[in-house]
Amino acid sequence: MNNTNPKIRNIAIIAHVDHGKTTLVDALFRQSGTFRENQDVAERVMDRMDLEKERGITIAAKNCAINWKGVKINIIDTPGHADFGGEVERALSMVNGVILLVDASEGPLPQTRFVLKKALEKGLKTIVVVNKIDRGDARPQEVLNEVYDLYIDLDADESQLDFPVFYAIGRQGIAQKTLTEKGENLHILLDAIVDELPAPTYDTEAPFQMMVSDLDYSDYLGRLCVGRVQNGFAKSGDPLILVGEGGQSVPLKVSKLQVYSGVGFADAAEVGPGDICILSGISDVKIGDTVCTRDRPEALKRLSVDEPTVAMNFYRNSGPFGGTEGKFVQPGKIRERLEREALRNVSIRVEESPDKESYTVKGRGEFQMAIIIETMRREGYEFCVGRPSVILKMIDGKKKEPIEHLFIDCEEIYTGIVTEKLSQRKCRMTNMVNHGSGRVRLEFSAPSRALIGYRDEFLTDTKGTGLMNSYLAGYEDYRGEIPSRSNGSLVADRQGNAVAYGIFHLEPRGRIFVVPGDKVYEGMIVGEHNREIDLDINVCKEKKLSNMRSAGKDDNIILTPVQPMTLEACLNFLRDDEMLEVTPKSLRLRKAILPQNERHLFEKRSQKVE
């Protein structure tokens, strides 16, 4: 017999990157009384990772809870980027309703579509909030029409199309039902969450069941597993059982039960249906496992996620400076850290090579890989990574590749160069919309591999004013070879320190990446060549001293300023025979084979085989 728990609402907030999701959660905290009026609270309190604060994006789905008129509202802040789709899927497994937040100017964008599609497939009820209506270029009515079009396009049923709409200024903490009235606070939105979104349902006759949707770690309590209680009740110290992937069960005793309170935890004597709780005292647990009672062990349907589309190889740092800047450098330590990442992130898979010298990490996109790499280097790890590559499939004897639905928003004058570059990369234009405002929206069917390394080029072509977003559309026939980076690399031919004199005389050869004083070694990439071939150069060359002098001979050398390469720029630069050396202090581009002679021999052999 089914019943509901009216005292709980479990909701997720979904939106595209930078549409004000985390700021709105801040305002909900303040107005629900979670924080004292005089309490000092940091902005964007849900962005807990340093990387999230720096980039202004949500990377990991996080839970929090507020109370409103006697009802506990568990809020899950979901990532807005398709690369973190695994986070989205496990977040939606815990909720009964969603708030869709859309920018009043930009409207629903690809990542909005990606997450909303997942929510509608699960049959979740939605509330739509058109945010930032105070923007000078806001067009709330048109955006609302675009939202309806999106719902229809995603095959929403009639009940899902009948959603409540609110207009908000998240930064000021106000929401209103119409554009004409003036909102004072978010109380109207909080009331709608309680009144419009369903309470969790449960089977009164079923035993205790909880799906593990997230994992955490505490220095005091050990491994923590987080999930929503589907059915039944449990107390601290109850004898429970953990049902794993293959149906194998492990007995366990929960040492502590906790629930969310604000952004922290609160101890609970008992948890029941609908509660999102934190269990401690469980060691060997994976996302998707079921915690249930020993006398009636019944596993829930496991959490399923989309297949990974991008792979990247991780190696130990074999360069001359290996082990000098990092805290964790051994292959075993790198493997442990990657396996820990795979435990917490359901969309990541880690495979070890037969020689145990490298590890292949498979995920959703190059951006997700970049976040993993940046997180690891900040933790003190030192390693090398290869170029990201897409995962191809053989279906019915045909080679298939992942295809993305690409959205480009740029000024009208740049449509020519953008279209030309993308057509070279086997992309096909599917739609073009010109609102007459000077900006154009282009849509392409694009192979995933065509977009690896294109973002920087796109920003250069559109003078930094273009917007580019995409989501995975599916697998299609392989579209043939795509031309890679047209320019070769400038490669250091010896170990030493870069010298101004040597760099100055090599600047006509291409764009230099190093500055005087930088340590270089044989096989390290120190610049981008003007021509297609690689060139070995000596940036350590010093001026020969002699007694001969002439006017102007010893003028100060003025070098072209070097723009530091970001992690994403380095990954985009890589070719198949190149690697990126990552340490807590440095990012160094290098050839996979460092010695000059060995590298040239390998190239000759490869050409003969071809």
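Rules and cut-offs
Residues numbered from 1 in each chain as written. Predicted model: local features only at pLDDT ≥ 70, side-chain atom pairs only at ≥ 80, totals over all residues. Heavy atoms only, no water. Helix = DSSP H or I, 4+ residues; strand = E, 2+ residues; numbered from the N terminus. Buried < 20%, exposed > 50% of the residue type's maximum accessible area, 1.4 Å probe, protein only. Areas by Shrake-Rupley, 256 points an atom, 1.4 Å probe, with all protein chains shown as cover. Axes fitted to C-alpha atoms, helices over the stretch in contact; angles between N-to-C directions. Parallel < 35°, antiparallel > 145°, perpendicular 65-115°, else oblique. Left-handed = near helix turned anticlockwise from the far one by under 90°. Contact = heavy atoms within 4.5 Å. Nonpolar A, V, L, I, M, F, W, Y, C, P; charged D, E, K, R; others polar. Pairing = 2+ DSSP bridges.

*Asks:* Before we go on, may I ask you to explain the overall build of the protein in this structure?
*Replies:* Tallying secondary structure elements over the protein gives 15 helices and 37 strands in all. Out of the 610 residues in the protein, the part that is buried amounts to 52%. Taken as a whole, the protein presents about 28,700 Å² of accessible surface, with 47% of it coming from carbon and sulfur.

*Asks:* Explanation requested: the packing of helix 10 (residues 415–424) against helix 12 (residues 454–461) in the structure shown.
*Replies:* Axis angle and axis distance: for two packed helices, these are the angle between their axes and the distance between the axes, and together they describe the pair. In contact at an axis separation of 10 Å, helix 10 and helix 12 are set at 160° when each is read in the N-to-C sense. Classified by the interaxial angle, the pair formed by helix 10 and helix 12 is roughly antiparallel. As for how helix 10 packs across helix 12, the hand of that crossing is right-handed. Contacts between helix 10 and helix 12 involve I417, V418, K421 and L422 on the former and, on the latter, Y454, E457, F458 and D461. Of the residues that constitute the contact of helix 10 with helix 12, the class distribution is five nonpolar, no polar and three charged.

*Asks:* It is not clear to me how the sheet that holds strand 35 (residues 535–537) should be interpreted in this structure. Could you clarify?
*Replies:* Pairing between the strands of a sheet comes from backbone hydrogen bonds, and it takes one of two forms, parallel or antiparallel. Spatially, four strands are ordered 32-34-30-35 in an open sheet, and the strand pairing comes out mixed. Edge positions in the sheet fall to strand 32 (510–512) and strand 35, since each has one partner strand and no second. Each strand of the sheet is rotated relative to its neighbour by a mean of 30°, with strand direction disregarded.

*Asks:* Looking at this model, I keep getting lost on the pairing of strand 13 (residues 239–243). Mind explaining?
*Replies:* Residues in a regular strand project their side chains so that they alternate between the two faces of the sheet. Burial analysis of strand 13 places four of its five residues in the buried class, which makes it a mostly covered element. Here strand 13 folds back onto strand 14 (residues 249–253), and the loop between the two strands holds five residues, one of which, G247, carries a positive phi near 90°. In the sheet, strand 13 pairs with strand 19 (residues 290–293) via four bridges, with the strands oriented antiparallel. Opposite L242, over in strand 19, you have V291 as the bridge partner.

*Asks:* Looking at this structure, I do not really get the environment of A370. What am I missing?
*Replies:* Positionally, A370 belongs in helix 9 (residues 366–378). Relative accessible area serves as the criterion here: at 0%, A370 is assigned to the buried category. Distance in space between the C-alpha atoms of A370 and L571 is 8.1 Å, their sequence separation being 201 residues.

Function-wise, these values are silent; they only describe arrangement.
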